[in-house]
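Structural overview
The chain contents come next:
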Amino acid sequence: MAGRDLGMSTAGGDPREGAPGAAGVPAAGAAGGASAAGASGTGAPGAGAAGRRTGGDGAVRVGPSVFVRLKLRLIAGNLRGSTQRLLGFVFTVIAAVVVASLGFFAMTMLRLAPADIATDVVIVLFTTFLVSWAIVPLLAFGLDDTLDPSRLSLFPLRTGQLAAGMFAASVTGVWPIATLIITAGAVAGLATGIGGFLLGVVAVLLQFALCIVTSRLVTTSLSGVLRTRRGRDVLAVSVVFFILAAQLPNLLLNGGLAGDLAGTLRGVASVLRWTPPGMAAHAIADGGAVAVAELAFLAVLTVVLGWLWIVALRRALVSTDASTEGASVRNSKGLLARVLPDGPLAAVATKELKYARRDPRGRVGWFAAVAVTGVMAFSLSRDGTGAGGIALAIAPACIGGVMIGLQSSNSFGIDGRSLWMNSVVYGTGRDWRADLAGRHLAVMTIAAPLLAALSVVAALLAGNLVWAVPAALTAWGILGVGLGVGALTSVLLPYTVPERLNAFTGAAPGQGGVAFAASFGAMIGSGVLALPVALPVLLGLTWVSVLAVPYGLLISWGGRRIAGDLGFRRYPEILAATSQPG
């Protein structure tokens, strides 16, 4: 039983007094996804006397070391028998070592910079660490079920016991250790004298503890919401914000902020100086009486957040799971079903439109495409060089067509195990071609007006509304190219899209490499095949855009024809690849 892995006896303790879920036993990076119950196959009876104490009432007291050992066994058990996961974990460890080494070295090099600039840099970095620790676990909630506080809710452990064990398990992992190493580099970069060094060590430990406690508090408080459908929608759409954040440096550079980086840094640090991470960074640099007062405040704040975490944990363990509540479903045939004659084409197109409207996995791609295209158009329009001309309107629309086309690079991934029903109906390659045509029709139904609107916005930002016409025509042609290439990757490199999508992966565990190959191959293939129509238009030959739509339709038809025959022959392989547990 899993209880033996925790070294517990069911004779003592009230199971209603709190056992958090695996929020406190998170699996590290590549090993995520193992549940606490899954440890029963790997744990030895009795986790060891080092991690437990027997009280006078006969109840077994579980110490933090038991949770650490349980987490390590979860990681080891999750890696056993899977070469892909093992290689992924090795890559994660290597990446963490490299990041920790470079981060520590960069922190120590701050001693060569002016004192005020070095302090401002550390203030910004410490704040970034705290925000990251508060947000990233939420985004990984769907990937790692061990973050869910309900996973250990039936174990007879008190909340106080589990809070200490959860904290210990939370700091066990390559990335928490890497974070601590990078943070410790601030002592070498800022501290002066023995007193400053000692206060710096305390500040680093308090900063690290604050990150862990804040992370667990946020995750535990929102665990009930994140299990609901709306919560999963938010997690899926969160990938858009990550994409937008990647464009932030480009926006800042085009906005003219690159000329005064020191002034920008000083302004940001002056605001963050009075935040808890800012106080920790200032305490390392100050090393005096003010530093002592700031560290005392951080210690009190960490204790208060820890108490709030325990309260939230106790409440989460007795709250009703809203994810099992029923919801009303509207019965609607949809627009295409009313227009098209009954048959596989209409049925598949209607199903895909419902996925795009109801399933967060279907919506996130559309949100990402719109967001990235909008940011690119806005960023290019703020380029003060005056170069580009019509390309400023054509390029964002083409990017939107490519990104929307990439959503079709794994057409069967969302279907999952239900794809087996196709074998009952589809008996020839023509049936598979009809299926792909229905999927492409649904994509074009949404994408055509969307790309037209994006083209108008890009043309307005570029300064000439007339440019919207060639931009839309070119984008529609590129979309057709992307659909044709995506049909081939869907049957050659299929993979499972997990139900709990998050910002870090769009594939089931162990299929990340296949997902990367499918997306990268579709992007390269679409780009190469789109050059004959996109490049002349970007260079000013706008009349070529008239040929873009027929060219795109031809490529999409050819892709479906080849993919239909391949899919009919490779149906068992496609079903196996899209039915992996997520």
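Residues numbered from 1 in each chain as written. Predicted model: local features only at pLDDT ≥ 70, side-chain atom pairs only at ≥ 80, totals over all residues. Heavy atoms only, no water.

Quick look at the confidence of the model for the protein chain
Per-residue confidence for the protein chain gives a mean pLDDT of 74, with 69% of residues at or over 70. Per-residue pLDDT stays below 50 along residues 7-57; that stretch engages in 160 contacts with residues further than four places along the chain or on separate chains. Predicted confidence is poor over residues 323-329, with pLDDT under 50, and the contacts of this stretch with residues over four places away or in other chains come to three contacts. (pLDDT = per-residue confidence, 0-100. Contact = heavy atoms within 4.5 Å.)

Comments concerning a nonpolar patch on the surface
Among the surface-exposed residues, L86, V90, I94, V98 and L102 lie close enough to one another that they form a single nonpolar patch of about 430 Å² accessible area. Its location among the elements puts V90 in helix α3 (residues 83-108). Judged by its relative accessible area of 39%, V90 is partly exposed. (Patch = residues over 30% accessible without salt bridge, like charges linked within 9 Å, V, L, I, M, F, W, Y side chains within 5 Å. Areas by Shrake-Rupley, 256 points an atom, 1.4 Å probe, with all protein chains shown as cover. Salt bridge = Lys/Arg side-chain N within 4 Å of Asp/Glu carboxyl O. Helix = DSSP H or I, 4+ residues; strand = E, 2+ residues; numbered from the N terminus. Buried < 20%, exposed > 50% of the residue type's maximum accessible area, 1.4 Å probe, protein only.)

Here we look at the pattern of salt bridges
As enumerated under the stated definition, the model contains three salt bridges in all. Between D565 and R433 there is a salt bridge; the shortest N-O distance is 3.0 Å. Of the two residues, D565 sits in helix α21 (residues 548-569) while R433 sits in helix α18 (residues 429-462), which places them 132 residues apart along the sequence. Relative accessible area serves as the criterion here: at 32%, D565 is assigned to the partly exposed category. Of the charged contacts, one joins R439 and D435 as a salt bridge, the two residues approaching to 2.5 Å between their closest N and O atoms. With R439 and D435 both in helix α18 and four residues apart, this pair spans about one turn of that helix.

Concerning the packing of helix α6 (residues 174-190) against helix α11 (residues 276-286)
Here α6 crosses α11 at 35°, and the two axes come no closer than 8 Å. The crossing of α6 and α11 is right-handed. Residue-level contacts link A186, V187 and L190 of α6 to A281, I284 and A285 of α11. The residue inventory of the contact of α6 with α11, partitioned by class, reads six nonpolar, no polar and no charged. (Axes fitted to C-alpha atoms, helices over the stretch in contact; angles between N-to-C directions. Left-handed = near helix turned anticlockwise from the far one by under 90°. Nonpolar A, V, L, I, M, F, W, Y, C, P; charged D, E, K, R; others polar.)

A look at helix α10 (residues 261-272)
Taking 1.5 Å of rise per residue, twelve residues should cover 16 Å, and α10 covers 16 Å from first to last C-alpha, within 8% of that figure. For α10, the set of buried residues is G263, A269 and L272. (Expected span 1.5 Å × (residues − 1).)

A closer look at the packing of aromatic side chains
Enumeration according to the criterion identifies three aromatic pairs in this entry. With a centroid separation of 5.5 Å and 75° between ring planes, the pair formed by F412 and W432 is classed as edge-to-face. Of this pair, F412 sits in the loop between α16 (391-406) and α17 (422-425) while W432 sits in helix α18; the two residues are 20 residues apart in sequence, bridging distant segments of the chain. For the pair F412 and W432, a shared accessibility class is recorded, and that class is buried. Three or more aromatic residues joined by ring pairs form one cluster here, namely F412, W432 and Y571. Over the ring of W274 we find R273; its NZ or CZ atom is 4.2 Å from the centre of that ring. (Phe/Tyr/Trp six-rings, centres within 6.5 Å; stacked < 30°, edge-to-face > 60°. Lys NZ or Arg CZ within 6 Å of the ring centre and 35° of its normal.)

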